[in-house]
Amino acid sequence: MQRQNRLGQNRQFSYVYRRGKKASCRELSLLYVRSKEKRVGFSVSKKVGVAVVRNRTKRRLREAVRPLLPQMKSGLYVFVARPAAAECSFQELESRVKYLLRKVESLRAPAEEHK
RNA sequence: UCGGGCGGCCAGGCGAUCGCGCAGCUUUUGCUGUGAGGAAAGUCCGGGCAUCACAGGGCAGGGUGCCGGCUAACGGCCGGUGGAGGCAACUCCAAGGAAAGUGCAACAGAAAGAAACCGCCCCAUGCGCAAGCAUGGAGUAAGGAUGGAAAGGCGAGGUAAGAGCUCACCCGCGCACUGGUGACAGCUGCGCGCUGUAAACCCCACCCGAUGCAAGAUCCGAACAGAAGCGAUACGGCUGCCCGUCGUGCUUCUAAAGAGAUCGCUACGACCGUAUGGCAACACGCGGCCAAGAUAGAUGAUCGUCCAACGACAGAACUCGGCUUACGACCGCACCGACAGC
RNA sequence: UGGGGUAUCGCCAAGCGGUAAGGCACGGGACUUUGACUCCCGCACUCGUAGGUUCGAAUCCUGCUACCCCAG
């Protein structure tokens, strides 16, 4: 994922936490704010597990979001992992991510997207 | 063969597609190289480095604690001494001082540093034919009961009964002697017989300035205004207190208070081989080989294949030496024990 | 990254070397026509865990584990 598509700075995260629309399932939460830019951030707290588990969860989330990036509407996204996410396989996470993106209605139909 | 003891090594490999951090080259798009650990962990010690303070001293405070060596240093390592465990190989040990002083030792028990409850023995008086009993006095630590611990152990002599009271042997402590750098060991001589606890206070010896890379340095931008008070005191630093010393004008109110960038940032210390010294830790010489450096934080996804196995424990954040803890598999030993065979 | 604290019954907790207080809750009984109140009785063999010191450890020492808090 390119740096321009990442969410940096704590203040950007706080902004999304304050203004964002929220969608949740058992493993993940998603916060979304409309914006000109398209940036994605990930938050995995210590409740999820030790450093190895947190890093793995974050990597899997990044990898799950990356192919969907062109189809997503521009805006600021924050994915928050909940403790159940540590047990998930990559495929499960991928389907959860898609589900949440549809829930906030930010995922365009793949047909609309033209490279 | 089984069970143990000690030591060592590895940390999934290869290929394909997509993707990430850093560096270089290109230039606007890619290419090449490279990219977590033995514990990166816990943060329990000790160095480096940085800032502040250096005129130090005293009292507090903290740490270490058998001896010798190694090390930049250590609470680490090596080799010994003593003790404990084990049939053994071997392993483990905060292992100075209880005769400087204070405290504590519940319950039990007569008594917990000095002791007479029962008992034993003697004397006197009374009763009784006697055996003996009662009362009083004196002696006694051999026996009883309690306890974690009861005043060195055991045997003999001795005695009214007893007692290191005396003697032999053993144990322990101190001094002298011998060996050893030393802890200590040895045996002889002399003297003595002292409860335990210092991971209770404490004493003795040695060591310790504070804070930590979010340390700290540089740059850009913004701001840099006003009022009052104090005046040789005030404030701040030197871990706490006292002395002392150093620095600065200081303090309060109102107003304004910000987001960054760069450096620090990783290659000069590990590792491998080898010569020399040393039992060893280690020292020293020569040769070789190593290049993560992010700043919401880089290693993943899918497939194939080897494989018993998705692989165990687990993710760098200034850095190094240790310690501790977590954990998968493998190998070696002219190391030990048991059983069987030759 | 650095620093500090806590862990004792189901819950809140006292205890600081000598047999683990107390309250709530819970169980049984009494009182009452019944319930509540009240009264009586009961309720901690590993004091988070593993070792050590001591005659004796929840307490002292050491190593772990979990949780909470503070600074930036």
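Rules used in this analysis
- Residues numbered from 1 in each chain as written.
- Chains lettered and ligands numbered in written order.
- Predicted model: local features only at pLDDT ≥ 70, side-chain atom pairs only at ≥ 80, totals over all residues.
- Heavy atoms only, no water.
- Phe/Tyr/Trp six-rings, centres within 6.5 Å; stacked < 30°, edge-to-face > 60°.
- Lys NZ or Arg CZ within 6 Å of the ring centre and 35° of its normal.
- Core = buried A, V, L, I, M, F, W, Y, C linked by side-chain atoms within 4.5 Å.
- Buried < 20%, exposed > 50% of the residue type's maximum accessible area, 1.4 Å probe, protein only.
- Helix = DSSP H or I, 4+ residues; strand = E, 2+ residues; numbered from the N terminus.
- Contact = heavy atoms within 4.5 Å.
- Pairing = 2+ DSSP bridges.
- Axes fitted to C-alpha atoms, helices over the stretch in contact; angles between N-to-C directions.

(A) A look at the packing of aromatic side chains. Per the stated rule, a full pass over the model turns up one aromatic pair. Here Arg96 stacks its cationic end above the ring of Tyr99, 5.3 Å away from the centre of that ring.

(B) Region of interest: the nonpolar core. Formed by 27 residues in total, the largest nonpolar core has its most connected members in Phe79 and Val97. Elements with a contribution of two residues or more to this core: strand E2 (28–34), strand E3 (38–44), helix H2 (51–65), strand E4 (75–81) and helix H3 (90–103). The residues contacting Phe79, other than those within four sequence positions of it, are Ser29, Leu30, Val40, Gly41, Phe42, Ser43, Val65, Val97 and Leu101. In this structure, Val16, Leu31, Leu76 and Val80 belong to the second largest nonpolar core, which totals six residues.

(C) How the structure looks around the pairing of E2. The buried fraction of E2 amounts to six of the seven residues, a majority that puts the element mostly inside the structure. When strand E1 (residues 21–24) meets E2, the two strands line up antiparallel, connected through four bridges. Looking at the pairing, Ser24 lines up with Ser29 of E2. The hairpin turn running from E1 into E2, its antiparallel successor, is three residues long. When E2 meets E4, the two strands line up antiparallel, connected through seven bridges. Directly across from Tyr32, in E4, lies its bridge partner Tyr77.

(D) Here's a closer look at the sheet that holds E3. Taking strand neighbours across the sheet as the criterion, the four strands line up as E1-E2-E4-E3 in an open arrangement whose pairing is mixed. Every interior strand has two partners, whereas the edge strands, E1 and E3, have only one. Across the sheet, the mean angle from the axis of one strand to that of its neighbour is 15°, orientation sign disregarded. Alignment of E3 against E4, held across seven bridges, turns out to be parallel. Bridge pairing links Gly41 to Val78 in E4. With respect to the sheet, H2 is in contact with E2, E3 and E4, its orientation differing from that of E3 by roughly 155°.

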